Amino acid sequence: MPARQLHLGAFMRPVTIHTGGWRWPGAWADANFSFPRLKHLIQRLEAAKFDALFMADHLALLNMPIEALRRSHTVTSFDPLTLLPALAAVTERIGLIATASTTYNDPYHVARKFASLDHISNGRAGWNLVTTANPDAALNFGHDAHMAHGERYKRAREFYDVVTGLWDSFADDAFLRDQESGIFWDPTRMHVLDHKGPELSVRGPLNVARPVQGWPVIVQAGASEAGRQIGAETAEMIFAAGGPIEDARAFYADVKSRAAAAGRDPEQIKILPGALVVVGDSIEEAKAKRARLDSLVHYESAIGSLSSVLGVDAGRFDPDGALPEIPETESSKSGRERTIALARREGLTVRQLAQRIGGYAGAAMVGTPASIADEMEEWLESRACDGFNIMFPHVPEGLEDFVTGVVPELQRRGLFRTEYTGTTLRDHLGLKRPANRSFPA
């Protein structure tokens, strides 16, 4: 039995990361906005013993030209914190992770919703803390401009402190529910946060009992300097960017060392890079599937995706020329830098870069169940990851290929569980239940 086992999350954006995935023959093109489809998919993931379903979120239409946007299957999807309680009712063990922005929410809202989800699901909630990269979101929340990158992360750090403080409003034993005496709860076991900081002012207490897990699992993404530091200080799962395994090892070591420097146990942070997985009966068949998938991405969509990542209108560039110098923007810095580095490293034209970004340009594993298991095992054993957030090329077929092909191969090697051994998301990830800071044991 290997010393370590993989953790597997399913990253659904909402259902597939690849721009051409909805056009695959037989794909469920309506899955983003179909509860019966989503119910089927999460139940298949739970049967395969996945750690969690990870629902991303967007607070605005993707910031790309309408010619590209009209080809995007992400233009409409459910609000994650409306969807996940419904999915909690039709599942029993799989974790439920949702994105909630620290820039366009208030801490009390986030604390209350995730505490409620954790109770509804009996301890399966996770909060993906993001600062929101899309500048167009500002216009939907009464702002004329997006908050600057550094200011967003400054607010996010304080936001984390407030939300976790609110989750600690009540001691675990505060609710007596003594029918004979008529005492429902003990006021001495309640803490009023009374937070007054540079960015936020929140009195508290939260009007929801302490979550089943103590706190829902804190999930973060971000490879910028600010993103790495806040992740090392606060995250319990990090959705890392895919890339060459050497870069992944360096990222893994950097974040874990930062966590240790911050006084945290590095083993209490699980790093799961995103990976698009395309499965075939042979490596040649899998490569042919990927090529066919990429061919389904229209150039209008490709150049729109590139514009979104770079934060500028790439449609005005010479399609067959090199990528020009790109100015700094308030969009995602790490995504912009990875894209520019890819273009420079491989000498790609704007057209070639757009086609790569337009489908999916991150880490991909394309092969047979055995070859994919080989890659995953290498990543795990070489400390490039603690597992993966799996992205399916299309649904339902792409998901079925993985759960019926790759998962059994991983289980055969002892790299992945055959049964759940716990009931909460923390149990699945091997994370400790946090102590209550307001009521220390």
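Note: the structure precedes this text.
Heads up: these notes are all about the structure in this document. Small disclaimer: the values here were computed from a predicted structure and weren't measured. (Residues numbered from 1 in each chain as written. Predicted model: local features only at pLDDT ≥ 70, side-chain atom pairs only at ≥ 80, totals over all residues. Heavy atoms only, no water.)

**Considerations on the overall build of the protein chain**
The test is simple: Note on conventions: DSSP H or I runs of at least 4 residues are helices, E runs of at least 2 residues are strands, and numbering of each starts at the N terminus. Note on exposure labels: buried denotes an accessible area under 20% of the residue type's maximum, exposed denotes more than 50%, and partly exposed covers the range between, all computed with a 1.4 Å probe on protein chains only. The criterion used for residue contact is that any of the two residues' heavy atoms lie within 4.5 Å. In short, Shrake-Rupley with a 1.4 Å probe defines the accessible areas, and a residue's cover is counted only from the protein chains shown. The convention is simple: Lys and Arg are positive, Asp and Glu are negative, and His and the chain ends are not counted. A charge is said to be at NZ when it belongs to Lys, at CZ for Arg, at CG for Asp and at CD for Glu.
Helix and strand counts for the protein chain stand at 14 helices and 13 strands. A burial count over the protein chain gives 54% of its 441 residues as buried. Pairs at least 24 residues apart make up 78% of the contacts formed inside the protein chain by residues separated by at least 6 positions. On the protein chain, roughly 18,300 Å² of surface is accessible, and the fraction owed to carbon and sulfur atoms is 52%. Across the protein chain, the 48 positively charged side chains and the 55 negatively charged ones have centroids separated by 1 Å.

**Details of the packing of helix α6 (residues 225–234) against helix α7 (residues 245–261)**
So the rule is basically this: Comment: axis = line fitted to C-alpha atoms, over the contacting stretch for helices; angle = value between 0 and 180 degrees taken between N-to-C directions. The cut-offs work like this: below 35 degrees is roughly parallel, past 145 is roughly antiparallel, 65 to 115 is roughly perpendicular, and the gaps in between are oblique. Note on convention: the crossing is left-handed when the near helix lies turned anticlockwise from the far helix by less than a right angle, right-handed when the turn is clockwise. Polar here means any residue other than Ala, Val, Leu, Ile, Met, Phe, Trp, Tyr, Cys and Pro, which are nonpolar, and Asp, Glu, Lys and Arg, which are charged; Gly is therefore polar.
Interaxial distance between α6 and α7 falls to 8 Å at its minimum, and their mutual angle equals 50°. In this view, α6 runs oblique relative to α7, as classed from their interaxial angle. In this structure, α6 crosses over α7, and the sense of that crossing is right-handed. In this structure, α6 contributes E225, R228, Q229 and A232 to the contact, and α7 contributes F251, D254, V255, R258 and A259. Looking at the contact of α6 with α7 residue by residue, the classes come out as four nonpolar, one polar and four charged.

**Details of the nonpolar core**
Let me state the cut-off plainly: Only buried residues count toward a nonpolar core, which is a set of Ala, Val, Leu, Ile, Met, Phe, Trp, Tyr and Cys residues joined through side-chain atoms within 4.5 Å.
Formed by 73 residues in total, the largest nonpolar core has its most connected members in F50 and F402. In terms of residue count, the dominant contributor to this core is helix α5 (residues 149–167) (eight residues). Setting aside residues up to four positions removed in sequence, F402 forms contacts with L8, F50, V277, V279, M376, I390, F392 and V407.

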